[in-house]
Protein chains: 2
Amino acid sequence: MDAQSATPLSTFDKLDPQKRGRVLEESLAEFAEHGYHQASVNRIVGRLGIAKGSLFQYFGSKEGLFRHLFSRALEEIKTPLKAIRDADTGEAFPLRLRRVFVEGAAFARSHPLIWRVYRRMVTQDGFPLREQLLSQVRGEALTYFRELVEGGQTRGEIRPEVDPLAAAFLIEAALDRALTAQDSPLLDAGFGLSSNDESTRRARLAALADMLSRGLMPPTGDTNAPRAHD
Amino acid sequence: MDAQSATPLSTFDKLDPQKRGRVLEESLAEFAEHGYHQASVNRIVGRLGIAKGSLFQYFGSKEGLFRHLFSRALEEIKTPLKAIRDADTGEAFPLRLRRVFVEGAAFARSHPLIWRVYRRMVTQDGFPLREQLLSQVRGEALTYFRELVEGGQTRGEIRPEVDPLAAAFLIEAALDRALTAQDSPLLDAGFGLSSNDESTRRARLAALADMLSRGLMPPTGDTNAPRAHD
DNA sequence: CCGGAAAATGACCAGGTGGTCATTGCCGCT
DNA sequence: AGCGGCAATGACCACCTGGTCATTTTCCGG
């Protein structure tokens, strides 16, 4: 899982924990704000009030710094994400989907820097570890959703003709967009996910989850997909 | 609509049309490949085999070049997009949604450079005209979907309790992700949207559209949203 | 064939980048 | 008190960026 990132870091580890925390925080903030290429080591050391040489002594290179932040963030994220995943396994599918949306959104809100870096890594290139991120973290999310759907199918809560892979793809796309809209009014475009009122946000998230569960059309007995006339 | 971009461009307009086309094409390719900040004027003139000064004489600045490309692309896009929007207005909602997905994907495929720049502008910052892009182009898409849903509701093809704004948001998110996955196997993650086989892609797109229409759950007579037990 | 204007050119500029390293300063050990 | 080693420092480096402009080349009308 944690693969590499195995730089020694002897010097950095001996630092005063408070300073160490500040270094990590400010660096992460820089990457969150500017992406990878556009992030500036000069700016980081400027904010921190330390010499540039020090940062390079700690992490070897800009990429080394980023890799360190990445593995740190991965550790920090694991536990709460597993908690979301494993909670209330017995719940019916539509409620569980709602809960995942709401709690996913809360998670993104509680880790704003990590979330922003994640989004940047997914959508921009040039990030180190991007492939690993996509195949592991995002891949795990997709697998989780797929299994959720498959479980729902064995319990009769999801139509058997639904392709679990396709469903997982759709759910992930919706959740991803929802969380992104959360901290970008421009992307939210008035829908309400970037509102400051928590109950508004919850309502919108629930609405999205419910539309995925129930669909847009009125219920019909027809079990087949809509048929084209060509 | 076309707002500014009103640079004179007298010199550039007098150029041999073939050369003019090459300049626009290669520049657009650079922005598509590297985004705005990471795009390099030096690289562009290198590819083109012209002097740097020339490019600055044509467009004044890097931003001027981009603005010119942007308004060009906007013009190029208008007609085909309107064609997709206005085709077959009488069709039933689920079929129409399918069609929009399939034709939207075909459109993105037929304008790969413009599509990639669009995606970059939406997800990255630092692009000039980003706000305009989001509020106009993407806003228009959202409006279109909202009206589609509202029309479906008056015809009884969509449940009346569905919020058209939320539905538009969800549809746009799904379509956007589908088109993005189309040219990125990593984002596709094995779903099949980046397949080279057109019928496979069509099938996946239709599957997504159908899930939106019919939902994941089996049909029930219940008209209310799923109820939580807390 | 010439003259003048417009267009093409690329050396050059200031400013920023990630990265280096000789020097300095500090801190603990004997 | 003095030493030894490690950590902090910031001037410095090569490279790249967008942008400029004096100079040369091209082209066209008389």
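So, a few notes on the structure that sits alongside this text.

Criteria and thresholds
Residues numbered from 1 in each chain as written. Chains lettered and ligands numbered in written order. Predicted model: local features only at pLDDT ≥ 70, side-chain atom pairs only at ≥ 80, totals over all residues. Heavy atoms only, no water. Helix = DSSP H or I, 4+ residues; strand = E, 2+ residues; numbered from the N terminus. Lys, Arg positive; Asp, Glu negative; His and termini not counted. Charge placed at Lys NZ, Arg CZ, Asp CG, Glu CD. Contact = heavy atoms within 4.5 Å. Buried area = accessible area lost by both parts, 1.4 Å probe. Salt bridge = Lys/Arg side-chain N within 4 Å of Asp/Glu carboxyl O. Polar contact = N/O pair within 3.5 Å; in protein donor to acceptor, adjacent residues only side chain to side chain. Expected span 1.5 Å × (residues − 1). Buried < 20%, exposed > 50% of the residue type's maximum accessible area, 1.4 Å probe, protein only. Phe/Tyr/Trp six-rings, centres within 6.5 Å; stacked < 30°, edge-to-face > 60°. Lys NZ or Arg CZ within 6 Å of the ring centre and 35° of its normal. Near = heavy atom within 4 Å. Nonpolar A, V, L, I, M, F, W, Y, C, P; charged D, E, K, R; others polar. Core = buried A, V, L, I, M, F, W, Y, C linked by side-chain atoms within 4.5 Å. Least-squares fit on C-alpha atoms with pLDDT ≥ 70 in both. Axes fitted to C-alpha atoms, helices over the stretch in contact; angles between N-to-C directions. Left-handed = near helix turned anticlockwise from the far one by under 90°.

**Considerations on the overall build of chain A**
No. 1: Helices and strands together make up the secondary structure of chain A, namely eleven helices and zero strands.
No. 2: Along the chain direction, N to C, the helices and strands of chain A fall in the order α-α-α-α-α-α-α-α-α-α-α.
No. 3: In chain A, which carries 31 positive and 31 negative side-chain charges, the distance between the mean positions of the two groups comes to 4 Å.

**So, unusual backbone geometry**
No. 1: In this model, D88(A) sits at a positive phi of 50 degrees, which is unusual for a non-glycine residue.
No. 2: Mapped onto the fold, D88(A) is located in the loop between α5 (62-86) and α6 (93-110).

**Quick look at the interface of chain B and chain A**
For an interface, size is often stated in terms of accessible area lost upon the parts coming together.
No. 1: With 64 residues of chain B at the interface, the matching set in chain A holds 63 residues.
No. 2: Taken together, both faces of the contact between chain B and chain A bury some 5,700 Å²; the carbon and sulfur share is 64%.
No. 3: Between R177(A) and E172(B) there is a salt bridge, with the nearest N and O atoms lying 2.4 Å from each other.
No. 4: The interface formed by chain B and chain A contains 18 residue pairs in polar contact (both at pLDDT 80 or more).
No. 5: Those elements giving two or more residues to the side of chain B that touches chain A turn out to be α6 (93-110), α7 (112-123), α8 (130-154), α9 (164-182), α10 (185-188) and α11 (198-214) of chain B.

**Digging into helix α2 (residues 17-34) of chain B**
Residue and element names in this part refer to chain B.
No. 1: When the terminal C-alpha atoms of α2 are compared, their 26 Å separation across 18 residues agrees well with the 26 Å that a helix rising 1.5 Å per residue should span.
No. 2: When we look at burial in α2, the residues that qualify are V23, L24, S27, L28, A29, E30, F31 and A32.
No. 3: Residues of α2 that are buried in the fold lie against α1 (10-13), α3 (41-48), α4 (52-59), α5 (62-86) and α7.
No. 4: Taken from the residues just after α2, G35 is the one with a positive phi, measuring 75 degrees.

**What to know about the packing of aromatic side chains**
No. 1: Using the criterion set out here, one finds 24 aromatic pairs over all chains in the structure.
No. 2: Between F191(A) and F169(B), the ring centres sit 4.7 Å apart and the planes meet at 25 degrees, which makes this aromatic pair stacked. Of the two residues, F191(A) is situated in the loop between α10 (185-188) and α11 (198-214) and F169(B) in helix α9; the pairing between them involves two chains.
No. 3: Judged by its relative accessible area of 3%, F191(A) falls in the buried class.
No. 4: Since its relative accessible area comes to 3%, F169(B) is described here as buried.
No. 5: Considering the side-chain rings of F31(B) and Y36(B), the 5.8 Å spacing of their centres and the 10 degrees angle between planes classify their relative orientation as stacked.
No. 6: Looking at F31(B), the relative accessible area reads 1%, which means it is buried.
No. 7: For Y36(B), a relative accessible area of 9% gives the class buried.
No. 8: Each residue in the set F31(A), Y36(A), F66(A), F70(A) and F127(A) is aromatic and connected to the rest through ring pairs, giving one cluster.
No. 9: Here the basic side chain of K62(A) rests over the ring of Y36(A), its NZ or CZ set 4.9 Å away from the ring centre.

**A closer look at the protein's contact with DNA strand C**
No. 1: Residues in contact with DNA strand C amount to 20 residues; listed here are only the nearest, A39(A), K52(A), K62(A), K14(B) and G53(B).
No. 2: The sugar-phosphate portion of DNA strand C accounts for 59% of its atoms within 4 Å of the protein, the bases making up the rest.
No. 3: Here S54(B) contributes a side-chain N or O atom positioned 3.3 Å from a phosphate oxygen of DNA strand C.
No. 4: With respect to DNA strand C, the side chain of Q57(B) contributes an N or O atom lying 3.4 Å from a base nitrogen.
No. 5: Taken together, the residues of the surface near DNA strand C sort by class into seven nonpolar, eight polar and five charged.

**Structural notes on the protein's contact with DNA strand D**
No. 1: Near DNA strand D there are 19 residues, and of these K14(A), A39(B), N42(B), K52(B) and K62(B) occur at the shortest range.
No. 2: The separation between a phosphate oxygen of DNA strand D and a polar side-chain atom of Y58(A) is 3.2 Å.
No. 3: Of all the secondary structure elements, the ones that give two or more residues to the surface near DNA strand D are α4 (52-59) of chain A together with α3 and α4 of chain B.
No. 4: Considering only residue class, the surface near DNA strand D consists of seven nonpolar, eight polar and four charged.

**Some details on the nonpolar core**
No. 1: Judged by nonpolar contacts, the single largest core of 142 residues is most densely connected at L55(A), F101(A), L55(B) and F101(B).
No. 2: When residues no more than four places from it in sequence are discounted, the contact partners of F101(B) are I171(B), A174(B), L175(B), L205(B), L208(B), A209(B) and L212(B).

**Some remarks on the relation of the copies chain B and chain A**
No. 1: Turning chain B through 180 degrees and shifting it by 0.0 Å along the axis lays it on chain A, with an RMSD of 0.1 Å. On the angle and the small slide along the axis, the relation comes out as a two-fold axis. Among all residues of chain B, the minimum C-alpha distance to the rotation axis is found for G215(B), at 1.6 Å.
No. 2: Comparing contact sets, 98% of the residues at the interface of chain B also lie at the interface in chain A, consistent with an isologous, same-surface contact.

**Focus on the packing of α6(A) against helix α9 (residues 164-182) of chain A**
Working note: a packed helix pair is described by the angle between its axes plus the distance between those axes.
All names here are of chain A.
No. 1: For the pair α6 and α9, the least separation of the axes is 10 Å and the interaxial angle reads 35 degrees. Handedness of the α6/α9 crossing: right-handed. Across the interface between the two elements, F93, L97, V100, F101, G104, A105, A108 and R109 of α6 pack against I171, A174, L175, L179 and Q182 of α9.
No. 2: Looking at side-chain class alone, the contact of α6 with α9 contains ten nonpolar, two polar and one charged residues.

**Things to note about the environment of N42(A)**
No. 1: Note that N42(A) resides in helix α3 (residues 41-48).
No. 2: Residue class for N42(A) comes out partly exposed when judged on its relative accessible area of 45%.

**Regarding the pattern of salt bridges**
No. 1: Taken as a whole, this structure holds 42 salt bridges over all chains when the rule is applied.
No. 2: A salt bridge links R214(A) to E161(B), with the nearest nitrogen and oxygen atoms 3.8 Å apart. Placement of the pair is R214(A) in helix α11 and E161(B) in the loop between α8 and α9, with the two residues belonging to separate chains.
No. 3: Accessibility expressed as a relative area gives 36% for E161(B), which makes it partly exposed.
No. 4: Linked through salt bridges whose partners overlap, the residues forming this network are R22(A), E26(A), E30(A), E33(A), R43(A) and R47(A).

**Some remarks on the environment of K52(A)**
All names here are of chain A.
No. 1: With respect to the helices and strands, the residue K52 is situated in helix α4.
No. 2: Between the C-alpha atoms of K52 and L175, which are 123 residues apart in sequence, the distance is 39 Å.
No. 3: If near-sequence neighbours (up to four positions away) are discounted, K52 is found in contact with V41, N42 and V45.

Functional significance is not addressed by these values, which are geometric in nature.
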